[in-house]
Amino acid sequence: MGDAVAELVPVDSLDCSESLSPQVSSELQHSCISEIDGEVPAIIDPEVAKKACEDVLEKVKLMHTAVIDSEDQVDCSEMKNVSWTGSELTKGDIMHDARSAGVEISSGMPAKIEEEECLMDLNTVKTARRRQKNNSAKQSWLLRLFESKLFDISMAISYLYKSKEPGVQAYIGNRLFYFRNEDVDFYLPQLLNMYIHMDEDVGDAIKPYIVHRCRQSINFSLQCAWLLGAYSSDMHISTQRHSRGTKLRKLILSDELKPAVKKKELPPICSAVDTGLSPSKRTHQRSKSDATVSISLSSSLKRTASNPKVENEDEELSSSSESLERLFVSQPVRLAPEKEFIKSLMGIGKRLATMPTKEQKTQRLISELSLLNHKLPARVWLPTASFDHHVARVPHTQAVVLNSKDKAPYLIYVEVLECENFETSPVPVRIPETRIRSTRSVENLPECGITHEQRASSFTTVPNYDNDDEAWSVDDIGELQVELPEGHTNSCDNISQFSVDSITSQESKEPVFIAAGDIRRRLSEQLAHTPTTFRRDPEDPSAVALKEPWQEKVRRIREGSPYGHLPNWRLLSVIVKCGDDLRQELLAYQVLKQLQAIWEQERVPLWIKPYKILVISSDSGMIEPVVNAVSIHQVKKQSSLLLLDYFLQEHGNYTTEAFLTAQRNFVQSCAGYCLVCYLLQVKDRHNGNILLDSEGHIIHIDFGFILSSSPRNLGFETSAFKLTTEFVDVMGGLDGDMFNYYKMLMLQGLIAARKHMDRVVQIVEIMQQGSQLPCFHGSSTIRNLKERFHMSMTEEQLQMLVDQMVDGSMRSITTKLYDGFQYLTNGIM
Amino acid sequence: MAVLFSQSELHCGFICCREAVDSFFIGHYLYINNPAGEVNLEYLESKLESLDGEELMNIKDNINSLFQQCILALGEEHQIKVVNALQTLCALIRGVHQKNKSSSGFDIINMLMGFDKAELRMKNLMESLDSILCGEASESLKSLCLKLLLCLVTVTDNISQNTILEYVMINSIFEAILQILSDTPSRRVHGHDAVVLLALLVNYRKYESVNPYIVKLSIVDDETTLNGMGLVISQALAEYNRRYREKEEENQGGFFSTFTSMVGNMFIADADEKISVQTNEAILLALYEAVHLNRNFITVLAQSHPEIGLESPPVSLVPTTPTTPLGTTPPSLDIMGTTELPLDPNMQTSNLLITFLKYSSIVMQDTKDEHRLNSGKLCLIILTCIAEDQYANAFLHDDNINFRVNLHRMPMRHRKKAGDKNIPSRPLVCAVLDLMVEFIVTHMMKEFPMDLYLRCVQIVHKLICYQKKCRVRLHYTWRELWLAFISLLKFLMSNETGLLAKHNIFTLTLMVVNLFNMFITYGDTFLPTPSSYDELYYEIIRMHQVFDNLYSMVLRLSTNAGQWKEAASKVTHALVNVRAIINHFNPKIESYAALNHISQLAEEQVLEVVRSNYDTLTLKLQDGLDQYERYSEQPKEAAFFKELVRSISINVRKNVALNTLSQEVLLREFSTIS
């Protein structure tokens, strides 16, 4: 039977079977079969190669049905019962990894053992002979692990990286198709870095998955292209040009990886794919594999017949031809608009950098953006957003230049219209800037209100816009002649300040008297009522913009926007960085995200806020800004208060609920970031790099100096993390309960992080491949990182360590020195 | 050809017989159709002029057929024929008009085309022009088309009496104009002519009938087109500003050299008068029509682009051809054409509004001659429209849109020339207010420009109404405005007799006093700080003499049974609050001084007294302080615009020379084509 299957086996498996021993290969087939049976309904991306073989394997599956059913039952029922025994540790490699997979694994491990036993029993009949021959139990253990439901993406990446066995790598490459897209996306930098810098086998294992995803999604394509470019940049220029990464990048950017819709187009695409591969016997298999990919894809399309791309193709073409091709003519329309959009944002950043003063930068930014607005809406989107949308407008007057000495990072707000799928949904129709005026000025007229609503509802099919428009403006000409009534209506709401009585008495021509003192008082009261705004400072334009509460800003911008009336209107913001390498930031984001997940999993209430990073090249990118947060530097400069006093001012007195909540938030975030700073060795911690949000959390930003790098290598900041007396004061002093809570949180957090150390280290370790980033400077980066988890310490020892670190940081003169140094050199308080 | 031509010339010159005239036209007809031919347009024009009315009637059929031939020739492939035809048409239209200045428009139509055919002919003509303008024709040809149209439009002094334009109304070339404006390369070459043409067409029988160009202009919402239009206007204005500044600098250089020789005795005003650059009312009219008619155009005002002119190297501007139609050189550099702004860190960003404000500041400084006065008035009218517009106000007051606007300030003996560099970057409304203050303080002269003053104060009023309504707290040095108002009041009083003979000064006085009332009773809604409210009181108290005198004057006039009785009594009522403030605080200040044995109180001390005595002061709320009459062109301004359009027409006609594009240039160009 085994031989019969071997011939018909899916190509993916063929890769494995070739390099593995025949026994293993048959096992792998077996695993494939059970996998399919167990997971078919859940598969989002049909694993194409297997699909192609489905029918042939039908019989085999039937034979195994009983077995699998019992397997599943075991899996479910015995999951929680059996306790963990240490004996399995002898299995070495696998166990090590299983541990890193966390709680679920450790509780799931017994189930695995049970499962293993079942399988053993069942398989004995068929494979007893081969099993005996297979003296290495390791492979089968590995296989069991891979098969298991507990095998997660983190483990997959880890094995992909560590295993030297091409078969294993190829298997994992196939296995990638089974993970949720979002899960794999998190490790995209790792995958691509491996693709670029590791040996061919790893690359070949990863490539089919990448190509497949690129076909599916423009966004994924662009992200890949950007990351490939960025992570290839450290290579020598001559090798870079011919590297796999560069080739794949070119392939993606050539926009040939379109969703496979038409069969005719496919063969050339496949051959294009092949060019990136080494000419060997693999070529044959690969092309075969791709062919099956395409065939099964198209067949699955036929079967489901619900693929939006097929149905909407015509519509998309027509809609995009209107708004996009007009703007980005003569370029392939799939990737071009977004590329163009990002390019123009970067171009603005480059030009801003040449302006001497902040004021000029701001002016320039506003005018550049107003020009950009002319090209919007278009089929472009912010890659940092978490939902599908089209960018409709950039409210240019809201944009601000951020504080930076020589670069010109800037923050823009972006109005977007949420849609189901930015690739297929029609691009919104442009509404002229002045449209908002018509809605405002004629609000009172009922018939106009109706037309306005009609407009909103018929938005997607708006060819009648112009007629509508004509009606408006003709009215308008009439209006232009005599428009006295408006003045009257205005004055009514104007006097709202005065009581209604005064209006009536006004009508009765009785003189109204008011006290001058009242006017003066109202004036000062009203000004006092808006205390939370910062002063406008031409040298620090971002302070005011960032201080404004997000909801308030959204409301204000929505009011002023011609698109504001649309129900799917959303406001996003993004920091555009040009001339900065964000790869370290991305690494830090991944580590933070991982730590956040670990702490959540371990139920440690530490609070950190990883903010999204988009690496576009090795010297540009975008950052998702943290909303409702200003830097501690800005807080101190604008309020001239100690941090504690600022907390009291913003949140209320010591005993109020609001203050206590804010204080708790502060402590939890402080503990979280202290650990982050310690583990990642985050340096350059001055107050300009620490934000304070409206709920009291602190948020560290700017991870330009982590791991092995430190600013100018001055040897400053030797303490583990930044903990000033001001921070301690907010926590209620050294003897307070909150301070003890803080230390306890740190301990818990460290213990939890230690438990899952591999998940953290793995992220960093893979990115070290082929990297010239300063954070990997020296040879001991990873070793030192691992050491900071103190795997060998007991919990008591850890506690002491935490106490020591806190004490050290408190006493640290270097923190104070560093703040002083920053004040002198950068004017940061 | 040349022989034939000279023969016919001879014939026409000496024997004005029918055949001769016939042969003349036949000859002309011939060379329309001759690709290499040359048209002697001056001859044709003068020929037509030399004929008397009856003779002209006699050759009507010839003219008709020539006209017809020309229109047919417009569709020709040979471009030179088209050129000849266009030029001949120009000459015909001009010539016939010259001859029949007194006769009605219908006679002229009859003469040119014949009544029965006129509609068809004009339809064909306009369609041909439209297709040339919108087609792929060469730029010179398009330019000639626009010239013909400008020629057609300006052939009469009063545009509304130009009956032929009825056909231009029916057969609209509006779309062609828009297309020129929306396309960057064509806008660069023809933008100026197109905008002027549009401005003139909009003014054809504006008040009497429905002008389709008005309707169409008011509904344009294509941003590229509107921006193109804005850019043409902006460039023309910026060019004016640049040339003015150049002249000023020249003058100053000369001035300083003389300054060293003749110590002291200097008349800056005289030196200033020498600087005069021809203003461009046609462009200003276009700006007015766009702002007034098209609500979408308001956004264009704020559309940023790099500053044109000032910082750009003048070298690129000097060698532009001097033969452009209206005597102004359209700037050769065009920045908006490229989607990316050029990279020059020294280049300030600017926008149409800023350019316009600078232009206004130059134009308004001297109102002595008629042209300038009209230009200044039009500037103020445009500002009035802007000040009434909700969207315009929104960006004028937008705290995020800050600009440094270097307004031109008239050099005056009693004040130093403010350093340009010290102007802070502020919301644009501050520049508007500055401009108004500047005008108010610099035009208190015997020839009092009352109309301009009224408009000025109205603009301030409208802006403040917006601020009050929208609770905008503008950080503006309001004190400057108050002081300007107070000195205006002082001037009005001291020249009471002289002014009263010509103007009703009470309208202006009432408006100013009511603005004070706005500040006094609604100050809480728009003043930036409590101390600015105190300052207001301080200034009123400090200048109480002016208000006292004003009160006694209006009281005197309102008690006398004169023609000003009613007007003056309104002012007395309006003065209630100001007087209440003065009467309330003055005794308190005096007693404070007496108590502390100080003869002269410092400002801080007065403010202290003011602050501590608010509560015992009661004010009277005045009616309708925040209401204003919205600007409407008809009927009030109709006469002004009629006159303005007339003068623009004459000016444009003068400049659209027939040989705008010299024959040689055209021949060279088209010989290579054909």
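Located above this text is the structure these notes cover.
About the thresholds
Residues numbered from 1 in each chain as written. Chains lettered and ligands numbered in written order. Predicted model: local features only at pLDDT ≥ 70, side-chain atom pairs only at ≥ 80, totals over all residues. Heavy atoms only, no water. Helix = DSSP H or I, 4+ residues; strand = E, 2+ residues; numbered from the N terminus. Buried < 20%, exposed > 50% of the residue type's maximum accessible area, 1.4 Å probe, protein only. Polar contact = N/O pair within 3.5 Å; in protein donor to acceptor, adjacent residues only side chain to side chain. Contact = heavy atoms within 4.5 Å. Pairing = 2+ DSSP bridges. Axes fitted to C-alpha atoms, helices over the stretch in contact; angles between N-to-C directions. Core = buried A, V, L, I, M, F, W, Y, C linked by side-chain atoms within 4.5 Å. Phe/Tyr/Trp six-rings, centres within 6.5 Å; stacked < 30°, edge-to-face > 60°. Lys, Arg positive; Asp, Glu negative; His and termini not counted. Salt bridge = Lys/Arg side-chain N within 4 Å of Asp/Glu carboxyl O. Parallel < 35°, antiparallel > 145°, perpendicular 65-115°, else oblique. Left-handed = near helix turned anticlockwise from the far one by under 90°. Nonpolar A, V, L, I, M, F, W, Y, C, P; charged D, E, K, R; others polar. Arc of directions from axis to C-beta.

**A word on unusual backbone geometry**
And then number 1: Leu 376 of chain A connects to Pro 377 of chain A through a cis peptide bond whose omega is -5 degrees.
And then number 2: Of the consecutive residues Gln 634 of chain B and Pro 635 of chain B, the connecting peptide bond is found in the cis state with omega at 0 degrees.
And then number 3: Along the chain, Pro 635 of chain B turns up in the loop between β5 (618–621) and α31 (638–655).
And then number 4: Despite not being glycine, Asn 628 of chain A shows a phi value in the positive range, around 55 degrees.
And then number 5: Here Asn 628 of chain A shows up in the loop between β7 (620–623) and β8 (629–631).
And then number 6: Looking at Asn 628 of chain A, the relative accessible area reads 27%, which means it is partly exposed.
And then number 7: In this model, Asp 702 of chain A sits at a positive phi of 65 degrees, which is unusual for a non-glycine residue.
And then number 8: Tracing the sequence through the fold places Asp 702 of chain A in the loop between β10 (698–700) and α33 (725–730).
And then number 9: Note on Asp 702 of chain A: relative accessible area 27%, which makes it partly exposed.

**Here's the deal with the side chain of Arg 213 of chain A**
Residues and elements named next belong to chain A.
And then number 1: The topology assignment puts Arg 213 in helix α12 (residues 200–216).
And then number 2: Judged by relative accessible area, Arg 213 falls into the buried class, the value being 4%.
And then number 3: At 3.4 Å, the side chain of Arg 213 forms a polar contact with the side chain of Asn 181.
And then number 4: What Arg 213 contacts, discounting residues up to four positions off in sequence, is Asn 181, Asp 185 and Phe 220.

**Description of the sheet that holds strand β9 (residues 690–693) of chain A**
All names here are of chain A.
And then number 1: Here three strands make up an open sheet; going across it, the order is β8-β9-β10 and the pairing antiparallel. Looking at strand neighbours, the two that pair on one side only are β8 and β10, the edges of this open sheet. With direction set aside, neighbouring strand axes in the sheet form an average angle of 35 degrees.
And then number 2: Relative to β9, β8 runs antiparallel, the two sharing three bridges. In the strand pairing of β9, Ser 631 is matched with Leu 691.
And then number 3: Running over the sheet, helix α32 (residues 657–680) touches β9 and β10 and is turned about 20 degrees from β10.

**Comments concerning the pairing of β7 of chain A**
All names here are of chain A.
And then number 1: Taking every second residue as pointing to the same face, both faces of β7 are buried, with Ser 620 and Met 622 on one and Gly 621 and Ile 623 on the other.
And then number 2: In this structure, strand β5 (residues 569–578) lies alongside β7, joined through four bridges in antiparallel fashion. Its bridge partner being in β7, Ile 575 is matched across the sheet by Ile 623.
And then number 3: In textbook terms, the turn of a hairpin is the stretch between consecutive antiparallel strands, and for strand β6 (residues 613–617) and β7 this stretch comprises two residues.

**Quick notes on the nonpolar core**
And then number 1: Grouped together as the largest cluster of nonpolar side chains are 218 residues, with contacts concentrated most on Leu 287, Phe 297 and Tyr 537 of chain B.
And then number 2: The leading source of residues in this core is helix α25 (residues 505–526) of chain B, at twelve residues.
And then number 3: Those residues in contact with Phe 297 of chain B that sit more than four places away from it in its chain are Leu 226, Met 229, Gly 230, Ile 233, Leu 287, Ala 290, Val 291 and Leu 352 of chain B.
And then number 4: Core analysis: the next-biggest nonpolar cluster, separate from the first, contains 146 residues, Leu 648, Ile 698, Phe 703 and Met 738 of chain A among them.

**A look at the packing of aromatic side chains**
Residues and elements named next belong to chain B.
And then number 1: Applying the stated criterion across every chain, the model contains 32 aromatic pairs over all chains.
And then number 2: Seen from their ring centres, Tyr 537 and Tyr 614 are 5.1 Å apart, and the 80 degrees between their planes marks the pair as edge-to-face. Here Tyr 537 is found in helix α26 (residues 530–542), whereas its partner Tyr 614 is found in the loop between α30 (603–612) and β5, with 77 residues between them in sequence.
And then number 3: On the basis of relative accessible area, Tyr 614 is assigned to the buried category, the value being 4%.

**A look at helix α31 (residues 643–651) of chain A**
And then number 1: For α31 of chain A, the full list of buried residues reads Leu 643, Leu 644, Tyr 646, Phe 647, Leu 648 and His 651 of chain A.
And then number 2: Phi turns positive one or two residues past the end of α31 of chain A, at Gly 652 of chain A, with a value near 110 degrees.

**Description of the side chain of Arg 685 of chain A**
Residue and element names in this part refer to chain A.
And then number 1: As for its placement among the helices and strands, Arg 685 is situated in the loop between α32 and β9.
And then number 2: Here Arg 685 occupies a buried position and makes no salt bridge, while the nearest side chain of opposite charge, Asp 702, is found at 5.0 Å.
And then number 3: Separated by 3.1 Å, the side chains of Arg 685 and His 700 make a polar contact.
And then number 4: A distance of 2.5 Å separates the side chain of Arg 685 from the backbone oxygen of Asp 702, its partner in a polar contact.

**A word on the packing of helix α19 (residues 336–353) of chain A against helix α20 (residues 358–373) of chain A**
All names here are of chain A.
And then number 1: Between α19 and α20, the least distance of the axes is 10 Å, while the angle of their chain directions is 160 degrees. If you check the angle between α19 and α20, you find them roughly antiparallel. For the pair α19 and α20, the sense of crossing is right-handed. Contact residues: α19 offers Phe 341, Ser 344, Leu 345, Ile 348, Arg 351 and Leu 352, while α20 offers Lys 361, Arg 364, Leu 365, Glu 368, Leu 369 and Leu 372.
And then number 2: Split by residue class, the contact of α19 with α20 holds seven nonpolar, one polar and four charged.

**Some points on helix α28 (residues 565–574) of chain B**
Residue and element names in this part refer to chain B.
And then number 1: Among all positions in α28, only Ala 568, Val 571, Thr 572 and Ala 574 are buried. Buried residues of α28, viewed axially, fall in a sector of 165 degrees; they line one side. Exposed residues pointing more than 90 degrees away from the buried face of α28 are listed as Glu 566 and His 573.
And then number 2: Contact partners of the buried residues in α28: α25, α27 (544–559) and α29 (576–596).

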